[in-house]
Amino acid sequence: MTTSIKKLRGSLWDQPMLAVAQNHLIRYPTPSNLNGNYNWGVLAGLCLVLQIRTGIFLAMHYTAHVDLAFHSVQHLMRDVPNGWLLRYLHANGASLFFIVVYMHLFRGLYYTSYAQPREFVWLVGVVILLIMILTAFIGYVLPWGQMSLWGRTVITSLASALPVVGTSIVGWLWGGFCVDNPTLNRFYSLHYLFPFLLAALSLVHLAALHQYGSTNPLGINAQTDLVDFYPYFYTKDLVAALVLSLGAAYLVNFNPELLGHPDNNIPANPYSTPAHIVPEWYFLWVYAILRSIPNKLAGVAAIGLVFAALAALPYLHKPNCRGPSFRRLHQALVWALIGDFMLLTYLGHQPVEPPFVLLGQLATVCFFGLLAALCVAAWADHYLANLTLKSTTKTSKLSAING
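Reading the values: rules and limits
Residues numbered from 1 in each chain as written. Predicted model: local features only at pLDDT ≥ 70, side-chain atom pairs only at ≥ 80, totals over all residues. Heavy atoms only, no water. Helix = DSSP H or I, 4+ residues; strand = E, 2+ residues; numbered from the N terminus. Buried < 20%, exposed > 50% of the residue type's maximum accessible area, 1.4 Å probe, protein only. Areas by Shrake-Rupley, 256 points an atom, 1.4 Å probe, with all protein chains shown as cover. 1 Å grid on protein atoms, 1.4 Å probe; cavity = no way out; pocket = protein on both sides within 12 Å on 5 of 7 lines; lining within 4 Å. Points joined across faces, edges and corners; volume = space filled by probe spheres on them. Nonpolar A, V, L, I, M, F, W, Y, C, P; charged D, E, K, R; others polar. Core = buried A, V, L, I, M, F, W, Y, C linked by side-chain atoms within 4.5 Å. Domains from an automatic or database assignment. Contact = heavy atoms within 4.5 Å. Axes fitted to C-alpha atoms, helices over the stretch in contact; angles between N-to-C directions. Parallel < 35°, antiparallel > 145°, perpendicular 65-115°, else oblique. Left-handed = near helix turned anticlockwise from the far one by under 90°. Polar contact = N/O pair within 3.5 Å; in protein donor to acceptor, adjacent residues only side chain to side chain. UniProt positions renumbered as here; feature names shortened; annotations may be inferred.

## With respect to the overall build of the chain
Within the chain, the secondary structure is distributed over 14 helices and two strands. Going through the 403 residues of the chain one by one, you find that 44% of them count as buried. Just so you have it, the chain exposes about 21500 Å², and 70% of that area is on carbon and sulfur atoms.

## Some points on the layout of surface pockets
The space that makes up the largest pocket amounts to roughly 1400 Å³. Taken together, 49 residues make up the lining of the largest pocket; nearest its centre are G41, V42, H104, H205 and L206. Classifying every residue of the lining of the largest pocket gives 30 nonpolar, 15 polar and four charged. What lines the second largest pocket is a set of 25 residues, among which I133, L134, F137, I155 and L158 lie closest to the centre. Put simply, the parts of the chain that give the lining of the second largest pocket at least two residues each are α6 (119-141), α7 (146-156), α8 (166-174), α9 (181-212), α11 (284-292) and α12 (296-316). Its residues assigned to classes, the lining of the second largest pocket shows 23 nonpolar, two polar and no charged.

## Things to note about the nonpolar core
By size, the foremost hydrophobic cluster in this structure holds 90 residues, and its most contacted members are L109, W144 and W285. With 13 residues, α6 is the largest single contributor of residues to this core. The residue makeup of this core includes at least three contributed by each of domain 1 (30-275) and domain 2 (278-387). Setting aside chain neighbours within four positions, we find W285 in contact with Y102, V306, F307, F341, L344, T345 and F367.

## Describing the packing of helix α5 (residues 83-110) against α6
In helix packing, the relevant descriptors are the interaxial angle and the interaxial distance, both defined with respect to the helix axes. Where α5 contacts α6, the axes come no closer than 12 Å and their chain directions differ by 155 degrees. In terms of axis orientation, α5 runs roughly antiparallel to α6. In this structure, α5 crosses over α6, and the sense of that crossing is left-handed. Contacts between α5 and α6 pair F97, F98, V101, Y102, L105, G108 and L109 from the former with W122, L129, M132, I133 and A136 from the latter.

## Digging into the side chain of S113
Summarising the element assignment, S113 is placed in the loop between α5 and α6. Residue class for S113 comes out buried when judged on its relative accessible area of 13%. For S113, the contacting residues outside a window of four places in its chain are Y38, R107, G108, R118 and T215.

## Quick word on the side chain of Q51
Within the secondary structure, Q51 is located in helix α3 (residues 40-59). You can call Q51 buried: its relative accessible area is 12%. Of note is the side chain of Q51, whose polar atom sits 3.1 Å from the backbone oxygen of H90. Residue contacts for Q51: discarding those within four places in its chain leaves L89, H90, G93, A94 and F97.

## Let's talk about the packing of helix α4 (residues 69-78) against α5
Contact pair α4 / α5: the axes reach a minimum separation of 6 Å and the direction vectors enclose 120 degrees. Between α4 and α5, the angle falls in the class oblique. Side by side, α4 and α5 meet where V73, L76 and M77 of the first sit next to G83, W84, R87 and Y88 of the second. For the contact of α4 with α5, the residue count by class is five nonpolar, one polar and one charged.

## Description of the UniProt feature "binding site: heme b b566" (unreviewed entry) in the chain
Summarizing the sequence annotation, UniProt attributes the feature "binding site: heme b b566" (unreviewed entry) to H104 and H205 in the numbering used throughout. These annotated residues cover 102 residues of sequence, and their C-alpha atoms all fall within 13.0 Å of one another, placing them together at a single site. As for the lining of the largest pocket, the annotated residues named previously contribute H104 and H205. Relative to the helices and strands, H104 resides in helix α5. Classification of H104 by relative accessible area gives partly exposed; the value is 24%. Setting aside its immediate chain neighbours within four residues, H104 contacts W40, G41 and H205. A distance of 3.5 Å separates a polar atom in the side chain of H104 from the backbone nitrogen of G41. Residue position: H205 is located in helix α9.

The following block contains the structure:
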């Protein structure tokens, strides 16, 4: 009986679809020295699944109309059974999603996981981050509270800084001469579509990673020290998922508005401008950079430059060229970048007054200086490694000739 069950199980796993699942989810060869920092990718996938599932149920009760949107959210919270749970899971899930993704990003920077031949993995990740930001921004608009309306008005008006086509783009986004019902409908449609695009890109991201295998904290070739993903790393991921679930349970049940803005519980009023317009906390670093640059077009270009610098890193930092001194320098620069990122996040929530204006400008200069230093250090590491390799090769040839 036992032998027949084993044969049946073996024949099932030999099926093409199940064999793919087994190779990539169970027997996937993983470096044995991965630490807890490598759990963030799995947690990001779990957060995406949570956001899609709760978002589908929320869409069943939402009305995309400026006169009804805010009241439909309140109806969901007060009258629909467990509607408050769905809404707070979705709202706080977005914050947890960004926490996990930012940690995943900085982990990749710290351990130089983007180095070739895994540059495609990194580039897809940068695109995922951009679409995440767009998805979260248009989702923040949908409750149609005061901060939703005015945040959208400020951010969409940035497109007007683009030469020639800027005004036309703003008109297309708004669907008229101001933020109104056509804008809400367009944003609602895009917010429903983008998560499925994120899911598809996540699968591409995962497939590109499995093509060459995972990196490891030492940054060396670990092909001789591999273990199966299951059960060794499933247990690590399970512990991380439980910790994240505890954080989500605390936010949803005890402090659901901790990461939100109180003004968004007030119905949108186009005739009353809030005293201090701020986006959600996960956009504050971007907002601080935009506020620190007086020229609107230069501010938009600066944000584009951030993502361009991230996309360029894999082509500057070649594999197997990371000397100990440059590795320490690189990690110190990443820690400084993380600190500056947190400072910009804090400053983005502060009013536009001294000393926050000057501090924001200094933090912005430091942010781009650190990004440039990362790129220069990566290029210098590769250049000096090539010089060392050429010198070693030349010495070896001379020794062979003399010998």
